[in-house]
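What follows is each chain in one-letter form.
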Amino acid sequence: MRNLTLSCLLVACVGLQSCKNDEKQKEAEAAKAETEKIVSAQCYTAIYEKDTIDLKLNTLKNGKITGNMIMKVAGVPDRTGDVKGEFHGDTLFVDYTFINVPNNNTTFKNPMALLKKDNQLILGNGTMQTTMGVTYLVKDQPIDFDNVKYKFTAAECAEK
């Protein structure tokens, strides 16, 4: 009888502890959702010869940037993907993740640097390196924002 009482007490304590863990997890998820709230959205378009790139950037409450980008480059299938990153001074560093349908639905993740100058974002050219399957901009190499193809200008955001 004594063992049965101890067993019931142990099960009750474990049940109460798991309820506390659920409450803490819900609080953490609520705090994360709050920091991921969109504070503002801005759209940009870059046109170079027959190429068009549409970019939508969402600024989150925590200062991070998310959004999406559609690249329509002549001679290449359209690429639609997501961007995630953050500003370091006046330069936005993002990772552009997209799925290449003609290439067996392979997912690619490319780093990009965009310089914010007046009402423009200028897509820079930098030295990239791939290590263990991850591509990144080399830190010790300068990014060229002068000799570029794509300069984004502010545009109206299209409703979806």
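Enquirer: Looking at this model, I keep getting lost on the packing of aromatic side chains. Mind explaining?
Expert: Pairs of aromatic rings are described using the distance from one ring centre to the other and the angle between the two planes. For the structure shown, the criterion picks out 3 aromatic pairs. Considering the side-chain rings of Phe98 and Phe108, the 5.6 Å spacing of their centres and the 25° angle between planes classify their relative orientation as stacked. Here Phe98, found in strand E5 (residues 91–100), pairs with Phe108, found in strand E6 (residues 106–117); they are 10 residues apart in sequence, far enough to count as distant. Judged by its relative accessible area of 4%, Phe98 is buried. Exposure remark for Phe108: the relative accessible area of 29% places this residue in the partly exposed category.

Enquirer: Which parts of the structure should I look at to understand the pattern of salt bridges?
Expert: A side chain of one charge can pair with a side chain of the opposite charge if their charged atoms are brought near each other. If you walk through the whole model with that rule in mind, you get 1 salt bridge. Lys64 is the partner of Glu86 in a salt bridge, and the nearest nitrogen-oxygen pair spans 3.5 Å. With Glu86 in strand E4 (residues 79–88) and Lys64 in the loop between strand E2 (51–60) and strand E3 (65–72), this pair connects stretches of sequence that are 22 residues apart.

Enquirer: What should I look at first to understand the nonpolar core in this one?
Expert: Within soluble globular proteins, side chains that are nonpolar generally end up buried alongside one another. Counting residues in each nonpolar core, the largest one holds 19 residues, and the members touching the most others are Leu55, Leu57, Met69 and Phe152. Every element with two or more residues in this core is listed here: strand E1 (38–48), E2, E3, E5, E6 and strand E7 (120–123). It is E5 that provides the largest number of residues to this core, a total of 4 residues. Filtering out sequence-adjacent residues up to four positions away, Leu55 remains in contact with Gln42, Cys43, Tyr44, Asn68, Met69, Val83, Leu121 and Phe152.

Thresholds, definitions, all that
Residues numbered from 1 in each chain as written. Predicted model: local features only at pLDDT ≥ 70, side-chain atom pairs only at ≥ 80, totals over all residues. Heavy atoms only, no water. Phe/Tyr/Trp six-rings, centres within 6.5 Å; stacked < 30°, edge-to-face > 60°. Helix = DSSP H or I, 4+ residues; strand = E, 2+ residues; numbered from the N terminus. Buried < 20%, exposed > 50% of the residue type's maximum accessible area, 1.4 Å probe, protein only. Salt bridge = Lys/Arg side-chain N within 4 Å of Asp/Glu carboxyl O. Core = buried A, V, L, I, M, F, W, Y, C linked by side-chain atoms within 4.5 Å. Contact = heavy atoms within 4.5 Å.

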